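A closer look at the structure
The lines below spell out each chain.
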Amino acid sequence: MSKLVTVYGGSGFVGRYIVRRLARDGWRVRVAVRRPNEAMHVTTYGVVGQVAPVFCNIRNDDSVRAAAQGVDAVINCVGTFDAGGKNNFEAVQDKGAERVARIAAEEGVTHLVQISAIGADADSDSGYARTKAQGEEAVIEHFPNAVILRPSVIFGAEDQFFNRFAGMTRMSPVLPLVGAETKFQPVYVDDVAAAAVAGVTGEAAPGIYELGGPETATFRELMKRMLETIHRRRMIVNIPFFVAAPMAALMWVANFLTFGLVPMPITRDQVKNLRRDNVVAEGARTFADLGIQPRSMEAILPDYLWRFRPSGQYAAIKDSAKNLRT
């Protein structure tokens, strides 16, 4: 009988790619999510019954245990950018990660993979980065042989990075950036999924891996690459940190007073994170240690950003028509 794996948060951006790879490799996959009825898309990744969404609240021991019983491996993809509410940084990224690792160890799970993030730092002033590090520490305490993956900013068809800013270009001639000179090392989501699968199969040695793509660029340079891909010209304006910090604070107040009706384009915690480069540290274990060659942005971005071009899917045809002789 094929092995069984539970993927906590398996219907999300990164999780769905991991589930797809596992199903393709013959695993039976239990996708543990808060809303199974909204995760039915993952069932199409395998044959009938191979991929099954199940209810799980990562804040509850019994719920996490039910999803972990009888499995050979566990992958935790659950994370959040929400500093408030019940599913906040501490509840999800610290206590939630601890709960998954502790229960996986108690249930005799063989392999555990934790999806963290580059920049995880227990001494950080950012709640996001601090709780990511605290979650890592808890995972190692309860499951010393865990594989922890720290990706840089992740891109792919469903991302909230390039898609978000490309969408902004439809409405504004200006593209405002906080931390325009901050460096990133964007990594393709399916390459992160490949690393996670290596962790549950035992191909990856236990420990921490920092995952970055083949290209390092500033925030500004990434936006220029995106604009070239979607065939648009926009003015890129850097918002200094001394302006961004109070601006984010005012947005938080407006969001709080309107019970969430006024959105927060950027949070105070994100401003703190944007002060630091998001690249692979020197000496860290990387994709190379996993035998994975990460794919470039050039090879992937046009496949899903074409819809933001002025001519959409017809852009290539129109460009080709320009070369025709009259």
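For the structure itself, consult the block above.
Quick summary incoming for the structure in this document. (Residues numbered from 1 in each chain as written. Predicted model: local features only at pLDDT ≥ 70, side-chain atom pairs only at ≥ 80, totals over all residues. Heavy atoms only, no water.)

Examining the overall build of the protein chain
The helix and strand inventory of the protein chain stands at 11 helices and 13 strands. Taken over C-alpha atoms, the radius of gyration comes to 21 Å for the protein chain, in line with the 20 Å a tight globule of 326 residues would show. In terms of overall dimensions, the protein chain has a C-alpha envelope of 65 × 50 × 40 Å along the principal axes. A burial count over the protein chain gives 50% of its 326 residues as buried. When the accessible surface of the protein chain is summed, it comes to about 15,900 Å², and 53% of that surface belongs to carbon and sulfur atoms. Looking at the protein chain, you have 38 positive and 34 negative side-chain charges, and the mean spots of the two groups are 8 Å apart. (Helix = DSSP H or I, 4+ residues; strand = E, 2+ residues; numbered from the N terminus. Rg over C-alpha atoms; globule rule 2.2 N^0.38 Å. Buried < 20%, exposed > 50% of the residue type's maximum accessible area, 1.4 Å probe, protein only. Areas by Shrake-Rupley, 256 points an atom, 1.4 Å probe, with all protein chains shown as cover. Lys, Arg positive; Asp, Glu negative; His and termini not counted. Charge placed at Lys NZ, Arg CZ, Asp CG, Glu CD.)

Remarks on the nonpolar core
Among the nonpolar cores identified, the biggest contains 73 residues, and Leu22, Ile75, Phe162, Met223 and Met226 are the most heavily contacted of them. It is helix 6 (residues 189-201) that contributes the most residues to this core, 9 residues altogether. Beyond its immediate chain neighbours, meaning those up to four positions away, Ile75 contacts Val5, Thr6, Val7, Tyr8, Ile18, Leu22, Val113, Ala196 and Val200. Ile58, Val64, Val139 and Phe143 belong to the second largest nonpolar core, which has 21 residues in total. (Core = buried A, V, L, I, M, F, W, Y, C linked by side-chain atoms within 4.5 Å. Contact = heavy atoms within 4.5 Å.)

Brief notes about a nonpolar patch on the surface
Residues Trp252, Val253, Phe256 and Leu257 make up a contiguous nonpolar surface patch of roughly 410 Å² in combined accessible area. Inspection of the secondary structure assignment puts Phe256 in helix 8 (residues 241-257). (Patch = residues over 30% accessible without salt bridge, like charges linked within 9 Å, V, L, I, M, F, W, Y side chains within 5 Å. Salt bridge = Lys/Arg side-chain N within 4 Å of Asp/Glu carboxyl O.)

A word on the environment of Gln293
On the secondary structure map, Gln293 appears in the loop between helix 9 (268-273) and helix 10 (297-305). Judged by its relative accessible area of 65%, Gln293 is exposed.

Some words on the packing of helix 3 (residues 89-106) against helix 4 (residues 127-142)
Each pair of packed helices can be described by the angle between their axes along with the distance between the axes. At a minimum axis separation of 8 Å, helix 3 and helix 4 run at an interaxial angle of 10 degrees. Relative to helix 4, the element helix 3 is oriented roughly parallel. Across from Phe89, Glu90, Gln93, Asp94, Ala97, Glu98, Ala101, Arg102 and Ala105 in helix 3, the residues of helix 4 making contact are Gly127, Tyr128, Thr131, Lys132, Gln134, Gly135, Ala138, Val139 and His142. Of the residues in the contact of helix 3 with helix 4, the class split is 7 nonpolar, 6 polar and 5 charged. (Axes fitted to C-alpha atoms, helices over the stretch in contact; angles between N-to-C directions. Parallel < 35°, antiparallel > 145°, perpendicular 65-115°, else oblique. Nonpolar A, V, L, I, M, F, W, Y, C, P; charged D, E, K, R; others polar.)

Things to note about the sheet that holds strand 11 (residues 207-211)
Ordered by their spatial adjacency, 7 strands build an open sheet running 3-2-1-4-5-6-11, and the pairing between neighbours is parallel. Of all strands in the sheet, those bounded by a partner on one side alone are strand 3 (51-55) and strand 11. With strand direction ignored, the average angle separating the axes of adjacent strands in the sheet is 20 degrees. In this structure, strand 2 (residues 28-33) lies alongside strand 3, joined through 5 bridges in parallel fashion. Looking at the pairing, Val33 lines up with Phe55 of strand 3. Each of strand 1 (4-8), strand 2, strand 3, strand 4 (73-76) and strand 5 (111-115) is contacted by helix 1 (residues 13-24), which is oriented at about 160 degrees to strand 2, the strand it contacts most. (Pairing = 2+ DSSP bridges.)

Concerning helix 10
Structural remark: α-helix, 3.6 residues per turn; residues separated by three or four positions point the same way. All buried positions along helix 10 are accounted for by Met297, Ile300, Leu301, Tyr304 and Leu305. Buried residues of helix 10, viewed axially, fall in a sector of 105 degrees; they line one side. Residues Glu298 and Asp303 are exposed on helix 10 and point more than 90 degrees away from its buried face. (Arc of directions from axis to C-beta.)

Considerations on the packing of aromatic side chains
In the structure shown here, the tally under the stated rule is 12 aromatic pairs. Here Phe89 and Tyr128 contribute two aromatic rings whose centre-to-centre distance is 5.9 Å and whose plane-to-plane angle is 75 degrees, an arrangement assigned as edge-to-face. Taken together, the residues Phe89 in helix 3 and Tyr128 in helix 4 connect sequence positions 39 residues apart. Residue Phe89 shares its accessibility class with Tyr128, and that shared class is buried. Taken together, Phe155, Phe161, Phe162, Phe165, Phe184, Tyr188 and Phe219 form an aromatic cluster joined through their ring pairs. The ring of Phe165 has Arg164 lying over it, and the distance from NZ or CZ to the ring centre is 5.7 Å. Directly above the aromatic system of Trp252 lies the positively charged group of Arg268, at a separation of 4.7 Å from the ring centroid. (Phe/Tyr/Trp six-rings, centres within 6.5 Å; stacked < 30°, edge-to-face > 60°. Lys NZ or Arg CZ within 6 Å of the ring centre and 35° of its normal.)

Some points on the pattern of salt bridges
Counted under the stated rule, the structure contains 13 salt bridges. In this structure, the salt-bridge partner of Arg150 is Glu136, at a minimum N-O distance of 2.7 Å. Placement of the pair is Arg150 in strand 6 (residues 147-151) and Glu136 in helix 4, with a sequence separation of 14 residues. Each of the two residues, Arg150 as well as Glu136, counts as buried. Close ionic contact of Arg220 with Glu181 constitutes a salt bridge, the shortest N to O distance being 2.9 Å. Residue Arg220 is located in helix 7 (residues 219-230), and its partner Glu181 is located in the loop between strand 8 (174-178) and strand 9 (183-184); the two are separated by 39 residues in the primary sequence.

Thoughts on the packing of helix 1 against helix 6
Between helix 1 and helix 6, the shortest axis-to-axis distance is 8 Å and the interhelical angle comes to 55 degrees. One element, helix 1, and the other, helix 6, form an angle in the oblique class. In the crossing of helix 1 with helix 6, the sense of the turn from one axis to the other is right-handed. Within the contact between the two elements, helix 1 uses Phe13, Val14, Tyr17, Ile18, Arg21 and Leu22 and helix 6 uses Val189, Asp190, Val192, Ala193, Ala194, Ala196, Val197 and Val200. Of the residues belonging to the contact of helix 1 with helix 6, the class tally is 12 nonpolar, no polar and 2 charged. (Left-handed = near helix turned anticlockwise from the far one by under 90°.)

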